[in-house]
Amino acid sequence: MEHQALYRRFRPQNFDEVIGQEHIVTTLTNQIKNNQISHAYLFSGTRGTGKTSIAKIFAKAINCMEYSDGRICGKCPACMAKDNLDIFEIDAASNNGVDNIRDLKESIVYPPTVSKYKVYIIDEVHMLSESAFNALLKTLEEPPQYVVFILATTEIQKLPQTILSRLVRFDFRLVAPDVLEKHLKSILDTLNVRYEDSAVKLIASLGEGSVRDTLSIAESCIAFSNDNLTYESVLDVAGITSKEILADLTSYILDRDISKVLELLKDLSDKGKSFAQLNKDLVSYLRDLSIVKNCSNAANMLLLPEDILKQMLNLSQRVDNPTIVKILSKLSSMEQEFRYTQDAKSLFEISVLSLMDETDKIEQLETKIKEMESKLIAGEYP
């Protein structure tokens, strides 16, 4: 049997299978229920959040002859058609010329064959040329009654205002990590894959709000771990630095132990570690450290292995909140610079060393201020 990627195998086929976009699903189902179908829609948002999936579901739903309670029947002629001739999917990235839009305009004059509506789903519509947008403009404004356009884009800022003003716009949100976790666990249970909660949480975090990215990462991790998904296996696949190493690095920075910092970074470099990724990992670790330090329910929030959580708790007692914020601010500001540097290792080293120097100077200044305050109180200054 041909292998099918997880994100394709578990692509939602009905509105009630969509996750994280309840505001859009509710609006579209109400429009269908009240027979208030618009002639043109715009689905915008980050990759992997369900734009194309919902577009396909909506196209089937408005043509389903037995549609009821938000579900497509899957049995009527429109639903059973393997290749519905009344639903067109166009990739604007490879069909972005004015001639492609002219062909589209010629095809819409013909009524649907077996369905109520002819639906045109234009993906990555921002890739259309200026002349193509101009050719589409009039058709988009006054299409035949049986035509519905669904335009999808990840870069809405590239669409002309003349186009935007003619569309009903839906903004797709990033899917919350806890929703991704629940969805991924359901899939893993279906596949009979063993997993650790901490591993699933980490994969959901790496997905950064994208369902497709989350499932793609999960698929790689499942193959690597041989259907036994562990926290360590996800770290290995994703190339993320382990919490133990990050704890050591944080400890050396707090101790201002330059020798140990440089030794550790050299060891990571020798192992082929990406320093741009190391910077991200350290930022994430310090955020978690702040949670451990300040939140009583940190264990439930982070779902980390017990030994790692204990290690972080001990480390959190050595650092105050202002220091964590200062280090986070410095490292976060570096993320943009890693895109343009040709020597990420040196950039990271310089950042960390300057951070340690700043910490030392601040502590010296604080000591001096306290000494001056003590002398003032003792009356040693006029």
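Our subject is the structure that appears above.
Not measured: the values here are computed from a predicted model.

Here's the deal with the packing of helix α12 (residues 243-255) against helix α14 (residues 275-294)
- Direction vectors running N to C along α12 and α14 enclose 80°, while the axes themselves pass 10 Å from each other. When the axis of α12 is compared with that of α14, the two are roughly perpendicular. Only Leu278, Asp281, Leu282, Tyr285, Leu286, Asp288 and Leu289 of α14 make contact with α12, whose side of the interface consists of Lys243, Leu246, Ala247, Leu249, Thr250 and Ile253.
- For the contact of α12 with α14, a count of residues per class yields 9 nonpolar, 1 polar and 3 charged.

Observations regarding the nonpolar core
- Counting 59 residues, the largest nonpolar core has Leu229, Leu249, Ile253, Leu265, Leu278, Leu282 and Phe348 as the members making the most contacts within it.
- If you tally residues by element for this core, the top one is α14, at 8 residues.
- Look past the residues within four positions of Leu249 in its chain and what remains in contact with it is Val261, Leu264, Leu265, Leu278, Leu282 and Phe348.
- One finds Phe15, Leu28, Tyr67 and Phe170 within the second-largest nonpolar core, a separate group that totals 30 residues.

Thoughts on the pairing of strand β4 (residues 147-153)
- A large share of β4 lies buried, amounting to 7 of its 7 residues.
- Residues of β4 alternate between two faces, with Val147, Phe149, Leu151 and Thr153 on one and Val148, Ile150 and Ala152 on the opposite face, all of them buried.
- Looking at chain direction, strand β1 (residues 40-44) and β4 are connected through 5 bridges and run parallel. When the sheet's bridge partners are listed, Leu42 is paired in β4 with Leu151.
- When strand β3 (residues 118-123) meets β4, the two strands line up parallel, connected through 5 bridges. If you follow Ile122 over to β4, its bridge partner there is Leu151.
- Handedness of the crossover joining β3 and β4 through helix α6 (residues 130-141) is recorded here as right-handed.

Describing the environment of Tyr117
- As for its position among the elements, Tyr117 is in the loop between α5 (98-107) and β3.
- The spacing of Tyr117 and Lys60 is 57 residues in sequence and 9.5 Å in space, taken between C-alpha atoms.

A word on the packing of α14 against helix α17 (residues 321-334)
- Interaxial distance between α14 and α17 falls to 10 Å at its minimum, and their mutual angle equals 160°. What the angle tells us is that α14 and α17 run roughly antiparallel. For the pair α14 and α17, the sense of crossing is left-handed. Facing α14, whose interface residues are Asn279, Leu282, Val283, Leu286, Arg287, Leu289, Ser290, Lys293 and Asn294, α17 presents Asn321, Ile324, Ile327, Leu328, Leu331, Ser332 and Met334.
- Looking at side-chain class alone, the contact of α14 with α17 contains 9 nonpolar, 5 polar and 2 charged residues.

A look at the sheet that holds strand β5 (residues 168-171)
- Here 5 strands make up an open sheet; going across it, the order is β2-β3-β4-β1-β5 and the pairing parallel. Strands with a single pairing partner mark the edges of an open sheet, and in this sheet they are β2 (87-91) and β5. Strand-to-strand, the axes of this sheet are offset by a mean angle of 15°, without reference to chain direction.

With respect to the pattern of salt bridges
- A full pass over the atoms with the stated rule returns 15 salt bridges.
- As a salt-bridge pair, Asp213 and Arg47 come within 2.7 Å of each other at their nearest N and O atoms. Pair noted here: Asp213 is in helix α10 (residues 211-225) and Arg47 is in the loop between β1 and α3 (51-61), with a separation of 166 residues, a long-range link.
- The partner of Asp171 in a salt bridge is Arg169, with the nearest N and O atoms 2.9 Å apart.
- What makes Asp171 partly exposed here is its relative accessible area of 37%.

Quick word on the packing of aromatic side chains
- With the rule as written, the count across this model stands at 8 aromatic pairs.
- Ring centres of Phe275 and Phe348 lie 5.9 Å apart, and the angle between their planes is 50°; this geometry places the pair in the tilted category. Here Phe348 lies in helix α18 (residues 344-378) and Phe275 lies in helix α14, a separation of 73 residues in the sequence. Per residue, the accessibility class of Phe275 equals that of Phe348, and both read buried.
- One aromatic cluster is present, built from ring pairs that chain together Tyr41, Phe43, Phe58, Phe170 and Phe172.

Some thoughts on a negative patch on the surface
- A contiguous patch of negative charge on the surface is contributed by Glu196, Glu232, Asp236, Glu306 and Asp307.
- For the negative patch, the secondary structure elements donating two or more residues are α11 (231-238) and α16 (306-316).
- Mapped onto the fold, Glu306 is located in helix α16.
- What makes Glu306 exposed here is its relative accessible area of 70%.

Analysis parameters
- Residues numbered from 1 in each chain as written.
- Predicted model: local features only at pLDDT ≥ 70, side-chain atom pairs only at ≥ 80, totals over all residues.
- Heavy atoms only, no water.
- Axes fitted to C-alpha atoms, helices over the stretch in contact; angles between N-to-C directions.
- Helix = DSSP H or I, 4+ residues; strand = E, 2+ residues; numbered from the N terminus.
- Parallel < 35°, antiparallel > 145°, perpendicular 65-115°, else oblique.
- Contact = heavy atoms within 4.5 Å.
- Nonpolar A, V, L, I, M, F, W, Y, C, P; charged D, E, K, R; others polar.
- Core = buried A, V, L, I, M, F, W, Y, C linked by side-chain atoms within 4.5 Å.
- Buried < 20%, exposed > 50% of the residue type's maximum accessible area, 1.4 Å probe, protein only.
- Pairing = 2+ DSSP bridges.
- Right-handed = clockwise from strand over helix to strand, strands pointing away.
- Left-handed = near helix turned anticlockwise from the far one by under 90°.
- Salt bridge = Lys/Arg side-chain N within 4 Å of Asp/Glu carboxyl O.
- Phe/Tyr/Trp six-rings, centres within 6.5 Å; stacked < 30°, edge-to-face > 60°.
- Patch = residues over 30% accessible without salt bridge, like charges linked within 9 Å, V, L, I, M, F, W, Y side chains within 5 Å.
- Areas by Shrake-Rupley, 256 points an atom, 1.4 Å probe, with all protein chains shown as cover.
- Lys, Arg positive; Asp, Glu negative; His and termini not counted.
- Charge placed at Lys NZ, Arg CZ, Asp CG, Glu CD.

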